[in-house]
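Examining the three-dimensional arrangement
The chain contents come next:
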Amino acid sequence: MDHRLLTFVTVAEEKSFTRAATVLHITQPAVTQHIQNLECEFNVSLLERGKRSVSLTQAGKLAFHQAKQILAHYKETKRLLDELLYGDSGSIVISASFTFGEYILPYVLRRFQKLYPQITFMVNFTGKGIGNQRSSRKGP
């Protein structure tokens, strides 16, 4: 991934080079360098720099919108490739009565976890006005 785009989006959202550096866990000079490199590559100013904050130029607004889409596509591509490599993944929420949840559901969920180890689930136990939740990453 082009970290310059992530840096640019973070600066635009935080409206500050310093806050963006904190969020990204990099130094403020590194943030500045990433932005300068992008501006040099596109030959346009992306940010209006003020004393206490920054704002997007017209070109910056266009670049911000495109960068957000690129980062979203990157994230989705990574998710799809992980799914291809490691199988189905995600989360499931299950609501069950105490009787079913205590006696039958553990058996079903153990079998399910063997088939789909990347899927996490949350079980909500309900019964006669009493509610309880139990969360599990590996099964009952």
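Here, every reference points to the structure presented above.
Description of the structure in this document. (Residues numbered from 1 in each chain as written. Predicted model: local features only at pLDDT ≥ 70, side-chain atom pairs only at ≥ 80, totals over all residues. Heavy atoms only, no water.)

Looking only at helices and strands, one finds six helices and five strands in the protein chain. In the protein chain, which comprises 140 residues, the proportion classed as buried is 29%. In the protein chain, 51% of the contacts between residues at least 6 apart in sequence involve partners at least 24 apart. (Helix = DSSP H or I, 4+ residues; strand = E, 2+ residues; numbered from the N terminus. Buried < 20%, exposed > 50% of the residue type's maximum accessible area, 1.4 Å probe, protein only. Contact = heavy atoms within 4.5 Å.)

The next point concerns the nonpolar core. Nonpolar side chains in soluble globular proteins tend to end up buried together. Membership of the largest hydrophobic core comes to 16 residues, with the highest contact counts inside it found for F8, V11, F17, V31, I35, L46 and L47. Counting only elements with at least two residues in this core, the list comes to α1 (3-14), α2 (17-24), α3 (28-42) and α4 (58-86). The residues contacting F8, other than those within four sequence positions of it, are I35, L38, L46, L47, L56, G60, A63, F64 and A67. In this structure, I94, L105, L109 and F121 belong to the second largest nonpolar core, which totals seven residues. (Core = buried A, V, L, I, M, F, W, Y, C linked by side-chain atoms within 4.5 Å.)

Turning to helix α6 (residues 105-115), a few remarks are in order. Listed in full, the buried residues belonging to α6 are L105, P106, L109 and Q113. Angularly, the buried residues of α6 cover 90 degrees about the axis, an arc narrow enough to put them on a single face. Residues of α6 that are exposed and angled more than 90 degrees away from the buried face: R111, K114 and L115. (Arc of directions from axis to C-beta.)

Moving on: the packing of aromatic side chains. According to the stated counting rule, one finds one aromatic pair in the structure shown. When the centroid spacing of 5.9 Å and the interplanar angle of 5 degrees are considered together, the rings of F98 and F125 count as stacked. Of this pair, F98 sits in helix α5 (residues 98-103) while F125 sits in strand β4 (residues 119-127); the two residues are 27 residues apart in sequence, bridging distant segments of the chain. Given the relative accessible area of 30%, F98 is considered partly exposed. (Phe/Tyr/Trp six-rings, centres within 6.5 Å; stacked < 30°, edge-to-face > 60°.)

Here H3 lies in helix α1. Here the alpha-carbon distance between H3 and H34, two residues 31 residues apart in the chain, equals 7.8 Å.

Another point: the packing of α2 against α3. Direction vectors running N to C along α2 and α3 enclose 105 degrees, while the axes themselves pass 8 Å from each other. Taken together, the axes of α2 and α3 are roughly perpendicular relative to one another. From α2, F17, T18, A20 and A21 reach across to α3, where they touch Q28, V31, T32 and I35. Its residues assigned to classes, the contact of α2 with α3 comprises five nonpolar, three polar and no charged. (Axes fitted to C-alpha atoms, helices over the stretch in contact; angles between N-to-C directions. Parallel < 35°, antiparallel > 145°, perpendicular 65-115°, else oblique. Nonpolar A, V, L, I, M, F, W, Y, C, P; charged D, E, K, R; others polar.)

In the contact formed by α1 and α2, the axes pass within 8 Å of each other and the chain directions differ by 125 degrees. The angle between the axes of α1 and α2 places the two elements in the oblique class. For the pair α1 and α2, the sense of crossing is right-handed. For the pair α1 and α2, the contacting residues are L6, T7, T10, V11 and E14 in the first and F17, R19, A20, V23 and L24 in the second. (Left-handed = near helix turned anticlockwise from the far one by under 90°.)

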